[in-house]
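Single-letter residue listing:
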Amino acid sequence: MNIRRSAAALAAVAVIGAAATPAAHAADPSPSASLPAALYGTNDPAYDGVWRQSLALLAQDTVGVTPAAAAVDWLTGQQCDSGAFAPFRADPGAACDAKTAVDTNNTAAAVQALAALGGHDAVTAKAVDWLKSAQNEDGGWGYTPGGPSDANSTSVVIGALAAVGEKPGEVRKGGKSPYDALLDLSIPCGQDGGGAFAYQPDEKGKLAANDDATAAAVIGALGKGLTGASPKATDADLACAKATGPEQAAHNGAAHLADALAKDGHLMSALPGAEDQPDYGNTADAVLALATAGHGAEAADAMRWLGEHYQGWAKQSGPAAYAQLILAADAAGFDVRDFDGSGDDLVKRLNATGPAPESDAEDVAAEETGETDKDDDSGFGVLWTVGVFLVAGIGIGFLLSGRKKGQSQP
């Protein structure tokens, strides 16, 4: 999973604590007056603004929350005339040029969010056309146009294609589909890391197992997006078998993730020069992947572990982290409104990081039945601040962590 980093990607490593990604930089949790009021989160959005906004909108839509119109408008306003999205444009009124660092991941995430919300066909169609133009000859996508294909980027683009009604297997370049690209990154059974996916081959063409890439690729190989899916549970054995197609490759990846979670009850991250530490974001992504593959039961312990330990990481990382937790919990059948069994409402926590939503289906239902939320807002604020500690362990999301990890070596 080694690729050469761009200057922007190198800078992202030090900044993106807010995007549920690893970062050495301790993000400032205080609001900044220079940030758009419609943007979720208060951390520097330079490398993850569109990503975290898209995840926040997706998570809200998934659990019956209608996002603020201003938040949606901010996202659509970030699109360049080409159809692509950059991570963040401080002045959306200025035309994008050759120096605007557009990428496949932010573009695909925006497509998924806007397609889920509906009513943005022109925006998503233009974005998908741009994504198709950036497809590589092996059928996959890299983070930037022309960059070598990687599992994370290919998977998030598959999700975008599926979100607008395209059949990803029919989107081809050089006779190859994105599923072909993922199969090329699937490690054969019997080899070291067999069943897992690599982010990218190294310079010698060798594949190394990567849990982040595996979680993304399991969902991508099943033709799903960032919200995953919650199909009926399957009792199929989680064991590696020869992958002749994307579905079996996804099954093999799920088996690898189940084994990885079983070791500690969560995933670990070892960044270069850092000690092993819990990887909250990747653990949430692994839960989502297993649930999407029909093996949510194998992820239940990890979801419970997140419920006990997530607070410090999520507060530091911001809206993308809350969105990851919501999507994973929802797919795995956990109560996002009572995440840890003590009334901890992940949806309220996410909503509090940005503009107030238009409506919340649960609040509407409560009003119709005469029930009201008895939680005191001031009490919620106390729970938010008291006893919450910042942690050095940081989680990894489908997009930026895969890019970061994959680009960590020359």
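See the structure printed just above.
The following refers to the structure shown.

Cut-offs used in this document
- Residues numbered from 1 in each chain as written.
- Predicted model: local features only at pLDDT ≥ 70, side-chain atom pairs only at ≥ 80, totals over all residues.
- Heavy atoms only, no water.
- Helix = DSSP H or I, 4+ residues; strand = E, 2+ residues; numbered from the N terminus.
- Buried < 20%, exposed > 50% of the residue type's maximum accessible area, 1.4 Å probe, protein only.
- Contact = heavy atoms within 4.5 Å.
- Areas by Shrake-Rupley, 256 points an atom, 1.4 Å probe, with all protein chains shown as cover.
- Phe/Tyr/Trp six-rings, centres within 6.5 Å; stacked < 30°, edge-to-face > 60°.
- Core = buried A, V, L, I, M, F, W, Y, C linked by side-chain atoms within 4.5 Å.
- Disulfide = S-S within 2.5 Å.
- Axes fitted to C-alpha atoms, helices over the stretch in contact; angles between N-to-C directions.
- Parallel < 35°, antiparallel > 145°, perpendicular 65-115°, else oblique.
- Left-handed = near helix turned anticlockwise from the far one by under 90°.
- Salt bridge = Lys/Arg side-chain N within 4 Å of Asp/Glu carboxyl O.
- Nonpolar A, V, L, I, M, F, W, Y, C, P; charged D, E, K, R; others polar.

Our next topic: the overall build of the chain. When helices and strands are tallied, the chain shows 17 helices and four strands. Taken across its 410 residues, the chain has 54% of its residues classed as buried. Of all intrachain contacts in the chain linking residues separated by at least 6 positions in sequence, the fraction that spans at least 24 positions is 68%. Carbon together with sulfur atoms contributes 51% to the accessible area of the chain, which is approximately 16,500 Å² in total.

For the rest of this paragraph, the subject is the packing of aromatic side chains. Evaluation of the coordinates by the stated rule reveals four aromatic pairs. Arranged with centres 6.2 Å apart and planes meeting at 25 degrees, the rings of Trp74 and Phe88 form a pair that is stacked. On the criterion of sequence distance, the pair formed by Trp74 in helix H3 (residues 69–76) and Phe88 in the loop between H3 and helix H4 (104–117) is long-range, its members being 14 residues apart. Ring centres of Tyr280 and Trp305 lie 5.2 Å apart, and the angle between their planes is 25 degrees; on these two criteria the pair is classed as stacked. With Tyr280 in helix H10 (residues 280–292) and Trp305 in helix H11 (residues 300–309), the pair connects residues that are 25 residues apart, well separated along the chain. We note that Tyr280, like Trp305, is buried.

To continue, consider the nonpolar core. Within the largest apolar cluster, 98 residues are counted, with the highest numbers of intra-cluster contacts made by Leu75 and Leu325. Counting residues per element, this core draws most heavily on helix H13 (residues 319–332), which supplies 10 residues. Residues in contact with Leu75, not counting those within four places in the same chain, are Val50, Gln53, Ser54, Leu57, Phe85, Ala110, Ala113 and Leu114.

This next bit is on the state of the cysteines. For the coordinates displayed, the defined rule picks out two disulfides. For Cys80, the disulfide goes to Cys96, at an S-S distance of 2.0 Å. Between Cys80 and Cys96, the disulfide has an S-S torsion of -75 degrees and is therefore left-handed. On the criterion of sequence distance, the pair formed by Cys80 in the loop between H3 and H4 and Cys96 in the loop between H3 and H4 is long-range, its members being 16 residues apart. Bridging Cys189 to Cys240, the disulfide has an S-S length of 2.0 Å. Classification of the bridge connecting Cys189 and Cys240 rests on its S-S torsion, roughly -85 degrees, and on that basis the disulfide is left-handed.

Running from N to C, H4 and helix H5 (residues 121–133) cross one another at 150 degrees; their axes reach a closest spacing of 10 Å. The angle between the axes of H4 and H5 places the two elements in the roughly antiparallel class. Helix-helix and strand crossings are classified by hand; for H4 and H5 the assignment is left-handed. Contacts between H4 and H5 involve Thr104, Thr107, Ala108, Val111, Leu114 and Ala115 from the first element and Val123, Thr124, Ala127, Val128, Trp130 and Leu131 from the second.

Scanning the entire structure with this criterion turns up seven salt bridges. Put simply, Arg172 and Asp180 hold a salt bridge, and the shortest N to O gap is 3.7 Å. Overall, the relative accessible area of 47% leaves Arg172 in the partly exposed class. Close ionic contact of Arg337 with Asp345 constitutes a salt bridge, the shortest N to O distance being 3.9 Å. Summarising the burial analysis for this pair, Arg337 and Asp345 share the class buried.

It is worth spelling out the packing of H3 against H4 at this point. Running from N to C, H3 and H4 point in directions that differ by 140 degrees, and their axes come no closer than 11 Å. The angle between H3 and H4 places the two elements in the oblique class. As for the relative orientation of H3 and H4, their crossing is left-handed in sense. Contacts between H3 and H4 involve Val72, Leu75 and Thr76 from the first element and Ala110, Ala113, Leu114 and Leu117 from the second. A breakdown of the residues in the contact of H3 with H4 according to their chemical character gives six nonpolar, one polar and no charged.

So yeah, pure geometry; function would need other evidence.
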